[in-house]
Each structure stands twice: as C-alpha cells, then as structure tokens.
Amino acid sequence: MTQQPNTCHITLWAKCLATRITLLCALCLAVCHAVPALAATSDKARQLVRQAANAAVHKDYRQSSALLFKARSEAEAVADYDQLFWVYTNLGINQAELLNYADALQHFTKAYQIATKHLDERRVLSIRNNIAGLYMMNHEQNKALAEYTKIYADIKGSSDSVFTGGCALNIATLLTDKHQYAQARPYMEQAELLLGRYAENRAALVTLRTDYLLGTGNTEGAYRLVADAQTKYPALQHNADILYLRARTALMRALADEAVAQGRLALAQSGIDLSMKRAIFELLSQAYSMQQCYEQALACKDSVVAVSDALSNLTGQKLYEARQIQFDIWQKQQEIDNYKKRHALEMALLVVVLIASGALVWALVVKTKNARQQRKLAHMELEHEQVQREALQQKLANEQAEQEQSRRTIEQRSRELMSKAMQAANRNDSLRELLHTLETDSGLDLDKRPELKRTLAALRHQLDSTVEWKDFTTYFEQTNGQFLQRLKHLHPTLTANELRYLSLVYINLSSKEIALLLNITPEYCKKKKQQVARKMGLTDPRTLYAYLTGSEVMG
C-alpha cells in the first residue's frame, strides 16, 4: 500500500524556508543600499566597514566585529554619523547571524537612533526593515508583520521599487504563514510586479506563490508553477530552494519518484545550510516510505537526527562565538577607557601646570592693570561728582528762579485783581451813596418823576446783578489758571456764591472789602467765612487763606 505524504510536516518546513528567504532579502536590501552611502564618508572608517563586511561574508564574525569596533572609533572621532550608522547595522547583522538576537536588536536600535537624528528617511526605513527581519528570525511574527506594514505604508508609491517590492514580499509571506491568504494576495502581486524582473528575487517569489497556492488548496497549480519556473528560468534548475520546492509539490501529488529525484538534486547543490539539509532529509524519508523503500527512509531519518545534532552544535558554537565577540569588545573598550583615563590624567597635569603658570603671569598683569584702573576710576569718580554737584547747584538755582518768578507772577496777578476788585468796590460804594442821597432827598418827588425813578431802580438793579462779577471771574480764571477747577474738584459741594467768596479771599481782600463787592454786611461776611471754612473741613477759619494758597489747592 502506498503511504500518503505527511503534508503538515512538509508545510512546517516550507514556512521555515520562506521565513529564511524573506530575512535574507531584508538583509541583502540593507547591504545593497549601503554601497552608495559609503562614497560620502571618511576614508578610514569606510575602508574598515568594507573589510568587516567582507569578513562577515566569509563567516568570520569575530574579525568582522573587531574591524567594526575600530571603524566605530574612527567614525566617532570625526562625528561621521553615516559610517556610525553602518557600523551598528553590520554589528546587528553579525549578532543576528550568531543567533544573539538581543544584542542584534540593541545594535539596530542604536543605528535607528542615529538615522532619525542625523541621517535621511531612507536610512530610517532601511534599519526598520532590518529590525522587522530580526523579529522574523526570533519567531515574533506579529511584531514583524506590524513593522513591515508600517514601512510599506511609508514607502508605497515611491520610486524605490526594489525596497517597496521587498517589503511587500515580506508582508505577503507573513500573511501566508498566518493563513490569511486574501490579505496576502495584493501584497504578493505587488511584489511580483516590482521584483519579477530581478533574477536574485525569482526564487523567493516562486516560493511565495507556491505557498499561496498550496494554502488555498491548489496543489496542481503549485506543482505546475514550480515546474514552469524551472523551465522558464534555467538558473532555477540548480537552485536548492526551488529543487526542494519541486520535491515538496511532487510529494503532495504522490509523485514519490520525482520527489526523490528532486530532493537528491537539492542535496547535491553546494552551499546549502544544515536547516535546508534537515528539511530535505525529512522529505526524502517520506518519499522513500511512499515508495516502500523503508531502508532508505530509515537512513534519511538517521540523517535528520545527525543534521539536527549538527545544527544544535552549530547553534551552540554561534552563541559561543557571540560571547567571544562580546568579550573582545569589552576588552577593547577597557583598553580604550584605560587609555582615555591615562591621557586624561596627563592632560589634566599639563593643564594644571599651564594654568598655574598662566595664573601667576595673569595675577601680575591684573594687579598692574587694576592699579591703573583704580586710579583712573578714582579720577573719573571725582570728575563725575564735580559734574553732578555743579548740575545739582544749577538745578537748585533754576528751581529757585522759577519759584521766585512764580511768586512774582502770583503777586502781580493778585495786585491786578485787588485793584480791579477795589475799583469795583469804590465805584459801587459811591453809586450806592449817590442812590441813597437821591432816593432820600425830599426836594425830589420821585413819584412825580417816573422816568428818574425807573433810572434809579435800573441802576440799583445793575449794582445787584452778577454781570460785573462774571467779568471779574473771567479775568480771574485767565490770571490764575486751574485754581477754580482744582477747588471744585477737591470740594464739589461748593456753590457758585461760595466759589465767588473764596476767589476774593484768595486775592487777600479784607472782610470789609469783600462785603462791599458782594453787597453784604461785614458781619455776614465773617459769618460766611466760618460757614465756608467748616464746609471745606477746616477747623479754624483763620487758616482759610493759607489753605487756598497752599500746595493742596495749588497742586
């Protein structure tokens, strides 16, 4: 009876193979894009990075890391961020190849920080691509898918078709591994469109399309796709990955003979690693079992065990080599730190000697200079004080002159007002006496002389009116500025008659003179003075004149 192939086991190894191809694409993209950047950096650091990359190609990761460490020192000395970026990128790739994913991520993170701060967006995307590939190697598929999706969204539609296509290829592979075939299809078609013309990407594209067809149940289509690819592209006839893929699809169609033939051809190819060998021996064991060649099937099983042991040993060796590299780096760092300490101590001693010598010379210079400056400052201070004293004296003289001029002006204005007020008072007094004489003269019969009576009445009315007072007020305001406004502001309850009275007090008229001008008795005038003083808040009426001519009212 013919045994059916173990499809689940074959699919598992297919996923491992697809992951490996995708990661290699990611790392190759990073290295390819490193080449043009090297042209604009320092020669020594660039040469060391190239030597390190060449050593890594030959699996000498210890030598590669040592060269990168030297390149880092050279780049840091001249702040060459471009070369520092590639130093940390290649250190991360070395650690990833040695399965030390934690240190690899640390180096990639450092490269990412340098790119974001000092380089262009293209470098940022490049290192993000490597970080996503590292997630895939560490079987963190969800993180890898999330990061690749973000990168693809950032570069979609750009002119860099290789980078965009590689990113789409990685996303499609991850989605296929998660059996999300509908979501994977547009990314797969985009990758085929952008990368199909490049021979180095054909194997990865054929593998992705084959996994997609197998996942959607189209085993016949997957088999034909691989066969047609080998026919269309002769180079794929000697590609171990494609030969293994041909053997897988043949085995799934129960073509055991073809599966054995393709599997043995895959084993015969040079350069295949232990993981691929183990997958091929697993497939051959199943194919021989299907042919009922149990002895060969058992031998292949033994080979699987042997290869697995060798792979475990190799993993251990890689981890050991990674620790050796870490130790070497630590030693180099210690040497550099010790050198820096000695150099710093020597420089510190030299600086102390120079500072001490300079301090002595400087002290002498400063002392001499300070003595000259002190003398100069003392002389300048004396001159300044003299100038200030003269300016102050001049200011005081000017203020005294202004005060004297103001006093004279006030006195002149007061004399003018007093003169006008006295003239008005004398005239009014004379007119009142004349009116009194005429009105009391028995020889004049005013009743029989109505015109004379009306004239005398009009004259008396004129004496009692405020027309002359208005003229006096107008002249008073012209000669005394803001006095009345200031008085109204301080005492808003004062009446017009009270303001009139205060104006006459202000020009220093006596109570008798004020009584004549206001047509009141001297006794009422004194009483009015007491009332106005009390209304203005003065306790002693005798201080009224001093208050009106004081600073509070005069401002």
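Everything that follows concerns the structure shown earlier in this document.
The present account deals with the structure reproduced in this document. (Residues numbered from 1 in each chain as written. Predicted model: local features only at pLDDT ≥ 70, side-chain atom pairs only at ≥ 80, totals over all residues. Heavy atoms only, no water.)

1. Observations concerning a nonpolar patch on the surface
The test is simple: Within this analysis, patches are made of residues with over 30% relative accessible area and no salt bridge. Like charges are joined at 9 Å or less; nonpolar side chains (Val, Leu, Ile, Met, Phe, Trp, Tyr) at 5 Å or less. In this description, accessible areas are obtained by the Shrake-Rupley approach with a 1.4 Å probe, and a residue is regarded as covered only by the protein chains that are shown. Put simply, a salt bridge is a Lys or Arg side-chain nitrogen that is within 4 Å of an Asp or Glu carboxyl oxygen. A run of DSSP states H or I qualifies as a helix once it reaches four residues; a run of E qualifies as a strand once it reaches two. Both are numbered from the N-terminal end.
A cluster of nonpolar side chains, Leu 360, Val 361, Trp 362 and Val 365, forms an exposed patch at the surface whose accessible area comes to about 450 Å². Relative to the helices and strands, Trp 362 is located in helix H15 (residues 294-440).

2. Considerations on the pattern of salt bridges
Here is the rule we go by: Exposure classes here rest on a 1.4 Å probe applied to the protein chains alone. A residue is buried below 20% of its type maximum, exposed above 50%, and partly exposed in between.
The tally for this structure, following the rule as stated, stands at 17 salt bridges. The salt bridge involving Arg 46 is made with Asp 43; its shortest N-O contact spans 2.4 Å. One end of the pair is Arg 46 and the other is Asp 43, both in helix H2 (residues 43-57) and 3 residues apart, which spans about a single turn. A salt bridge links Glu 498 to Lys 535, with the shortest nitrogen-to-oxygen separation between them at 3.0 Å. Taken as a pair, Glu 498 in helix H19 (residues 496-506) and Lys 535 in helix H21 (residues 522-535) lie far apart in primary sequence, 37 residues in all. When its relative accessible area of 12% is taken as the criterion, Glu 498 is described as buried. For Lys 535, a relative accessible area of 36% corresponds to the partly exposed category. Each of Arg 128, Glu 147 and Asp 154 takes part in salt bridges that share partners, so that together they form one network.

3. Regarding unusual backbone geometry
The phi angle at Ala 79 is positive, at roughly 55°, despite the residue not being glycine. Along the chain, Ala 79 turns up in the loop between helix H3 (61-77) and helix H4 (81-97). Phi at Ala 254 is positive, roughly 65°, even though this residue is not glycine. Position of Ala 254 among the secondary structure elements: in the loop between helix H12 (240-252) and helix H13 (256-268).

4. Focus on the nonpolar core
As a rule of thumb, nonpolar side chains are buried together in soluble globular proteins. This is how it is decided: To form a nonpolar core, buried Ala, Val, Leu, Ile, Met, Phe, Trp, Tyr and Cys residues must be joined to one another through side-chain atoms within 4.5 Å. By definition in these notes, contact holds between two residues if any of their heavy atoms fall within 4.5 Å.
Phe 85, Tyr 148, Cys 167, Leu 169 and Ile 171 are the most contacted members of the largest nonpolar core, which has 57 residues in total. The element contributing the most residues to this core is helix H6 (residues 121-137), with 9 residues. Excluding anything up to four places from it in sequence, Cys 167 contacts Tyr 148, Ile 151, Tyr 152 and Ile 155. Listed in part, the 25 residues of the second largest apolar core include Tyr 223, Ala 247, Ala 266 and Tyr 288.

5. A look at helix H11 (residues 219-232)
Residues spaced three or four apart along an α-helix point in a common direction, a consequence of the helix completing one turn every 3.6 residues. What counts is decided by this rule: Working rule for helices: expected span equals 1.5 Å times residues minus one.
Here H11 contains 14 residues, and its C-alpha end-to-end distance of 20 Å stays within 8% of the 20 Å for a straight helix at 1.5 Å per residue. What H11 keeps buried is the set Gly 221, Ala 222, Tyr 223, Val 226, Ala 227, Ala 229 and Gln 230. On its buried face, H11 sits against helix H10 (202-215), H12 and H13.

6. A look at the packing of H19 against H21
Under the convention used in this document: Interaxial angles span 0 to 180 degrees and are taken between N-to-C directions of axes, which are lines fitted to C-alpha atoms, for helices over the stretch in contact. Any angle between 65 and 115 degrees counts as roughly perpendicular, while under 35 counts as roughly parallel, over 145 as roughly antiparallel, and the rest as oblique. Lys, Arg, Asp and Glu make up the charged group, whereas Ala, Val, Leu, Ile, Met, Phe, Trp, Tyr, Cys and Pro make up the nonpolar group; the residues left over, Gly among them, are polar.
Between H19 and H21, the shortest axis-to-axis distance is 11 Å and the interhelical angle comes to 105°. The angle between H19 and H21 places the two elements in the roughly perpendicular class. For the pair H19 and H21, the contacting residues are Asn 497, Glu 498, Tyr 501 and Leu 502 in the first and Cys 525, Lys 528, Lys 529, Val 532 and Lys 535 in the second. Residue composition of the contact of H19 with H21, by class: 4 nonpolar, 1 polar and 4 charged.

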